[in-house]
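Take a look at the letters that make up each chain.
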Amino acid sequence: MSDHNLLYERHLSSAREAKLQAEKLQEHPSYRLAFSDEDFLMQDDLRHVRLQLEYLKAQTVLEQHKIKATVVVFGSARFLSPEYAALLLSQAQQQLAQTPDDVAAQHALTIAKRQVKNSRYYQEAQRFAHLVTEHSQQCPDTALTIISGGGPGVMEAANRGSFDAGGKSIGLNIVLPHEQQPNPFITPEFCFQFHYFAIRKMHFLQRARALVAFPGGFGTLDELFETLTLLQTGKASKVPVILFDENFWRSLINFDLLVEEGLISPEDMKLIQFVDSAEGAWQAICHCYQLENSQP
């Protein structure tokens, strides 16, 4: 091989090696763009960035769609729609009829009966959201957008009520150990998912003009009492906090005892209103903001 050909072969070999090395470098994590490098973004030192991004994503979308006033609906994820609860009851009755001595079947029937009883909360939440959305479509100057936790139960009912009324609603889902699926009635562009409870709670209250709490468990109580604390301490602007089913809430929480023991003041009880129907909840909001005359 001539010296010229030898030099040419060496050049090609060197070029191939350089290309391979360049490709390897581009595949290395250090070469990724910072905002698309998940391993980088998930480091502890970047938590403040993740918090900011999580806040800004929903904030930007809601601002772009001019969502300025919301009604927050809280409540148990475990309540079923009346139609589904009735179906489960029928199945439980049939199973028990086939195996009357089966303890598991007896227990399933007890649960199914309770689900039928509690399905009224789903129905009322759905009705309430329908009323709010119906008003918002007829009176855009005083429009209120329903916002829920995005999951099943009362959350689904609230989004469903808005959907049935032909309007839009927001769902703020949260990453949980047992994955939460968004309910199908959320408006797609307003279906968000959060990792941080704190940022999710900020978005619940930032535009809130009212909060309606249906019966629920730890999550509902957490959201309710955090809201009441913010209102009590002046960290949030006063808005109606409406508790659905006065008997339930007074049985669960001895508000009178808190006042008697001086743990809250009598004035603090003015932060709460009790209602027993969807119409009552909507009327409380209308009365607070005089919706016929002014914008909430």
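None of the values given here were measured: they were computed from a predicted structure.

About the criteria used
- Residues numbered from 1 in each chain as written.
- Predicted model: local features only at pLDDT ≥ 70, side-chain atom pairs only at ≥ 80, totals over all residues.
- Heavy atoms only, no water.
- Helix = DSSP H or I, 4+ residues; strand = E, 2+ residues; numbered from the N terminus.
- Rg over C-alpha atoms; globule rule 2.2 N^0.38 Å.
- Buried < 20%, exposed > 50% of the residue type's maximum accessible area, 1.4 Å probe, protein only.
- Areas by Shrake-Rupley, 256 points an atom, 1.4 Å probe, with all protein chains shown as cover.
- Lys, Arg positive; Asp, Glu negative; His and termini not counted.
- Charge placed at Lys NZ, Arg CZ, Asp CG, Glu CD.
- Pairing = 2+ DSSP bridges.
- Axes fitted to C-alpha atoms, helices over the stretch in contact; angles between N-to-C directions.
- Phe/Tyr/Trp six-rings, centres within 6.5 Å; stacked < 30°, edge-to-face > 60°.
- Salt bridge = Lys/Arg side-chain N within 4 Å of Asp/Glu carboxyl O.
- Core = buried A, V, L, I, M, F, W, Y, C linked by side-chain atoms within 4.5 Å.
- Contact = heavy atoms within 4.5 Å.
- Expected span 1.5 Å × (residues − 1).

Undergrad: For the overall build of the protein, give the residues involved together with the corresponding values.
TA: For the protein, the count of helices and strands is 11 helices and 7 strands. Computed over C-alpha atoms, the radius of gyration of the protein comes to 27 Å, more than 25% over the 19 Å expected from 2.2 N^0.38 for 296 residues, which places it beyond the range of a compact globule. Taking the principal axes of its C-alpha atoms as reference, the protein extends roughly 100 × 60 × 45 Å. Among the 296 residues that make up the protein, the fraction classed as buried is 42%. Per element, the accessible surface of the protein, about 17,500 Å² overall, is 54% carbon and sulfur. Of note, the protein has its 26 positive side-chain charges centred 3 Å away from the centre of its 35 negative side-chain charges.

Undergrad: Explain the sheet that holds strand E6 (residues 241-244) to me, using residue names and the numbers behind them.
TA: One open sheet holds the 7 strands; their spatial order is E4-E3-E2-E1-E5-E6-E7, and the pairing between them is parallel. Both outer strands of the open sheet, strand E4 (191-194) and strand E7 (272-275), are each paired with one neighbouring strand and no more. Taken pair by pair, the neighbouring strands of this sheet meet at an average axis angle of 25°, ignoring direction. In this sheet, strand E3 (residues 169-174) lies alongside strand E2 (residues 145-148) in parallel orientation, the contact comprising 3 bridges. Looking across to E3, one finds that Ile146 is bridged to Ser169.

Undergrad: Summarise the packing of aromatic side chains; cite the residues concerned and give the values.
TA: One pass over the full model with this rule turns up 7 aromatic pairs. Each ring, one from Phe214 and one from Phe244, has its centre 4.6 Å from the other, and the planes form 25°; the classification is stacked. Note that Phe214 is positioned in the loop between strand E5 (208-213) and helix H8 (218-232) and Phe244 in strand E6, a separation of 30 residues in sequence. A relative accessible area of 1% means that Phe214 is categorised as buried. For Phe244, a relative accessible area of 1% translates into the label buried. Here the aromatic residues Phe79, Tyr121, Phe214 and Phe244 are joined through ring pairs into a cluster of three or more.

Undergrad: Now, about the environment of Phe197: what can you tell me, with residues and values included?
TA: Take Phe197: it is sitting in helix H7 (residues 197-206). Overall, Phe197 belongs to the partly exposed group, its relative accessible area being 42%. Taking C-alpha positions, Phe197 is 24 Å from Ser162, a pair spaced 35 residues apart along the chain.

Undergrad: Summarise the pattern of salt bridges; cite the residues concerned and give the values.
TA: The final tally for this structure, using the stated rule, is 12 salt bridges. Between Asp37 and Arg32 there is a salt bridge, and its shortest N-O distance comes to 3.2 Å. For Asp37, a relative accessible area of 9% translates into the label buried. On the accessibility criterion, Arg32 (36% relative accessible area) is partly exposed. Arg160 is paired through a salt bridge with Glu83; the nearest N and O atoms lie 2.9 Å apart. Of this pair, Arg160 sits in helix H6 (residues 154-164) while Glu83 sits in helix H4 (residues 82-98), placing them 77 residues apart in sequence. Residue Arg160 is classed as buried on the basis of its relative accessible area of 18%. Classification of Glu83 as partly exposed rests on a relative accessible area of 46%.

Undergrad: Describe the pairing of E4, listing the residues and the values that go with them.
TA: Where burial is concerned, the two faces of E4 differ: the one with Phe192 and Phe194 is buried and the one with Cys191 and Gln193 is not. Here E3 runs beside E4; their pairing, made up of 4 bridges, is parallel. If you follow Gly171 over to E4, its bridge partner there is Cys191.

Undergrad: Lay out the nonpolar core with the relevant residues and their values.
TA: In terms of nonpolar packing, the biggest core is built from 63 residues, with Val71, Phe128, Phe192, Leu243, Trp282 and Ile285 touching the most fellow members. Apart from the residues lying within four places of it in its own chain, the contact partners of Phe128 are Val71, Val73, Ile146, Val212, Ala278, Ala281, Trp282 and Ile285. Counting residues in each nonpolar core, the second largest holds 6 residues, with Leu89, Leu96, Ala105 and Ala112 among its members.

Undergrad: Account for helix H3 (residues 47-64), naming residues and giving values.
TA: Its 18 residues give H3 an end-to-end C-alpha distance of 26 Å, which sits within 8% of 26 Å, the value for a rise of 1.5 Å per residue. Within H3 the residues assigned to the buried category are Arg50, Glu54, Ala58, Gln59, Val61 and Leu62. Backbone geometry just downstream of H3 places Lys66 in the positive-phi region, at approximately 60°.

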